[in-house]
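# Fold and contact review
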Amino acid sequence: MQMEIRGKNVKVSEERRQLIEKKLGKLERYMENMEDATVELGTERNGKAGEGRLVIEMTLRGPANGTLLRAEERDNDLGVALDRLYEKMHKQVTRYKERMVHHKGRMRVSEIVDRLAQAEQPQAQEKFSPAEITETLDVVKVKQFQVKPLFVDEALEQMELLGHNFFIFQDVDNGHLSVAYRRTNGGYGILRPEVE
């Protein structure tokens, strides 16, 4: 497995590179199915103009189905952040392997949609005018990523492995972009946008 280490607004010294390789390199024995790893080191600005805590993020990319495992940690001490990041990634790799071993096959999309429709309950929705939204929300980060063609159950597994509340994917069954999301009252939902 190849490990790429890069800095974001911070220089990755040889000493830091060796520490990252030493601490996170131990994960390699658990990740025989992972193709590559990317480790990004950056800083988080505090309220003043100076540098804040270190931010270290690791992303593992799996084989052809596009599995991604990702974790992030922050601390003033790189060693402490790396230890906590190692623990998070180790848990994710273990959970990923368990899911692969216990995976019993795919449920048809129509079955999943039927189950999701049954779980749907109408909820009161607040309405905001575009002006209110613009005044209260600022876009602080824009992220680009590749969208992989996946079955719905694979997208849900990927979302769980990443620990996210939503996941964007291309539905294999219909070729359209879809969003899987975790519902606050339990279960999952699938959004399928339609262009007017």
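As a reminder, the structure under discussion sits directly above these lines.
So, here's what we can say about the structure. Keep in mind that what you see is a predicted model, and the values were worked out from it rather than measured.

### Points about unusual backbone geometry
The phi angle of most residues is negative, glycine excepted, and most peptide bonds adopt the trans form. One non-glycine residue, Asn9, adopts positive backbone phi at about 60°. Within the element layout of this structure, Asn9 appears in the loop between strand 1 (2-8) and helix 1 (14-24). For Asn9, a relative accessible area of 69% translates into the label exposed.

### Describing the packing of aromatic side chains
Each aromatic ring pair is described using two quantities: the centre-to-centre distance and the angle formed by the ring planes. Summed over the entire model, instances satisfying the criterion amount to zero aromatic pairs. Directly above the aromatic system of Tyr86 lies the positively charged group of Lys26, at a separation of 5.5 Å from the ring centroid.

### A few points about the nonpolar core
Grouped together as the largest cluster of nonpolar side chains are 24 residues, with contacts concentrated most on Leu24, Ile56, Met58 and Met89. Those elements that place two or more of their residues in this core are helix 1, strand 2 (36-43), strand 3 (54-61), strand 4 (68-75) and helix 2 (78-102). The element that contributes the greatest number of residues to this core is helix 2, accounting for eight residues. In contact with Met58, not counting residues within four places along its chain, are Met3, Leu24, Leu27, Ala37, Thr38, Val39, Leu69, Arg70, Ala71, Leu85 and Met89. If you look at the next biggest cluster of nonpolar residues, it comprises 10 residues, including Ala155, Leu156, Phe167 and Ile190.

### Thoughts on the pattern of salt bridges
The final tally for this structure, using the stated rule, is 13 salt bridges. Across the pair Arg182 and Glu160 runs a salt bridge whose closest N-O atoms are separated by 2.7 Å. Of this pair, Arg182 sits in strand 7 (residues 177-182) while Glu160 sits in helix 5 (residues 152-162), and the two are 22 residues apart along the sequence. Arg182 gets classed as partly exposed once you look at its relative accessible area, which sits at 30%. Several salt bridges share partner residues, and in doing so they unite Glu44, Arg53, Glu57, Arg70, Glu72 and Arg74 into one network.

Rules and cut-offs
- Residues numbered from 1 in each chain as written.
- Predicted model: local features only at pLDDT ≥ 70, side-chain atom pairs only at ≥ 80, totals over all residues.
- Heavy atoms only, no water.
- Helix = DSSP H or I, 4+ residues; strand = E, 2+ residues; numbered from the N terminus.
- Buried < 20%, exposed > 50% of the residue type's maximum accessible area, 1.4 Å probe, protein only.
- Phe/Tyr/Trp six-rings, centres within 6.5 Å; stacked < 30°, edge-to-face > 60°.
- Lys NZ or Arg CZ within 6 Å of the ring centre and 35° of its normal.
- Core = buried A, V, L, I, M, F, W, Y, C linked by side-chain atoms within 4.5 Å.
- Contact = heavy atoms within 4.5 Å.
- Salt bridge = Lys/Arg side-chain N within 4 Å of Asp/Glu carboxyl O.

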